[in-house]
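# A look at the structure
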Amino acid sequence: MFLIVLAALMAAYGTAYVASPDVRFVTRAGLEEIAILRGRRPIAEVIADPRTPEPTRQLLHLVLEVRDEAARLGLDAGETYRQYTDVGRDTLLLVLSAARKDCLCTHTWKYPVVGRIPYKGFFDPRMAYAERDRLAAKGMDTYLRPAGAFSTLGWFEDPLLSTAMSRDSVELAALVFHEIAHNSLYVASATPFNESFAQLVGYRAAEAYFAARGDSVLARRAADRWHDELVLGAYYASLAGRLERFYATKPDSAALEAGRAEAGAWAREQLLGPVGAQLRTYRIDRLAERPVNNAQLVAARIYRTHLDWFDRWFDAQGRDVARAVAGLKALVAGATGDEAFGRLEAAVGAGGG
């Protein structure tokens, strides 16, 4: 009887696998996660391995130190980034965003536990391109980009992936703090809140980490990166506001293309002018050449929504990362979706800013 039931289940799964892209997606994601977990090696072991190149060894030392600092700050580090997986390729994951051409209306995908998410990650490039082409055929803006790291929100002991290794010590430290921050605070169906919070933690914690070790150069670089994130956050908010006002006029197809081109010209002028002049670490050459793409704009804003509110909160907590994180967890406890931003706005007296 058991064999009959098992055969029936396997046949049903096989049929679903052939018929359903969602089943194929989940299957591939599960297999990749299994491969990542099976390929893990303790970072301490990789460091001690004489075959490990010295630059890699130094970066892995930094990861362990930053991970321990995250735990000291009260972040839920758990076993995250105590291990390392070489995935054997340059790109592990492609992330897709999509939006209508006449509205900054984010296309979302729904997942268990985490709720609706305005992007989808693909381990299989063919699946990513197929989904991008399917949405583009519906007349949507699409944006497909590689991602070097991701968090399972503490469900698994996330290893550091080889695709996330950066020769830039500040970015690597910020990445570790950022991903561990997701274990510490996660609001369902509130991706911009979660990612913008993690951006704050990433750069502010990196700044404090390097300052505590007497490395004023790297501490200043981390502070400058956060400064640039704030500048870009304000720029993207201005561009989004300009487009939203335009889209509200319900333009026809010809007017829509003309209006988007005009907004693109304004964006280029800003990036090559006042916005670019404020940036301390980022180069905007490529950014300035991009045409208006609602999906790209939505994706950029996910990590830069109301960063000034988070910075005000950080200042109000004495510019102390541990205190800021603990206080924010208490502030948004039980919140879902945009309610989290509403509570933060009220707490910092942001008004409509």
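Everything that follows concerns the structure shown earlier in this document.
Residues numbered from 1 in each chain as written. Predicted model: local features only at pLDDT ≥ 70, side-chain atom pairs only at ≥ 80, totals over all residues. Heavy atoms only, no water.

Time to look at the sheet that holds strand β3 (residues 93–100). Read from one edge of the open sheet, three strands run β6-β3-β7, paired in antiparallel fashion. Edge positions in the sheet fall to β6 (120–122) and β7 (140–147), since each of these pairs with one other strand and no more. Across this sheet, the average inter-strand angle for adjacent strands is 25°, counted without regard to direction. Pairing of β3 with β7, which is carried by eight bridges, proceeds in the antiparallel orientation. In the sheet register, L93 faces β7, and the bridge partner there is A147. (Pairing = 2+ DSSP bridges. Helix = DSSP H or I, 4+ residues; strand = E, 2+ residues; numbered from the N terminus. Axes fitted to C-alpha atoms, helices over the stretch in contact; angles between N-to-C directions.)

Under the criterion given, the structure shown has one disulfide. The residue that forms a disulfide with C103 is C105, at a sulfur-sulfur distance of 1.7 Å. Disulfide C103-C105: the torsion about the S-S bond is 50°, which places it as right-handed. For C105, a relative accessible area of 29% corresponds to the partly exposed category. (Disulfide = S-S within 2.5 Å. Buried < 20%, exposed > 50% of the residue type's maximum accessible area, 1.4 Å probe, protein only.)

A word on the pattern of salt bridges. Counted according to the given criterion, the structure contains 25 salt bridges. Residue R41 is joined to D49 by a salt bridge in which the shortest nitrogen-to-oxygen separation is 3.2 Å. Its relative accessible area of 29% is what places R41 among the partly exposed residues. Residue D315 is joined to R319 by a salt bridge in which the shortest nitrogen-to-oxygen separation is 2.5 Å. The exposure class of D315 is partly exposed, given its relative accessible area of 39%. Each of the salt bridges in this network shares a partner with another, and the network as a whole consists of R41, E45, D49 and R51. (Salt bridge = Lys/Arg side-chain N within 4 Å of Asp/Glu carboxyl O.)

Read these as layout, nothing more, since geometry by itself doesn't imply function.
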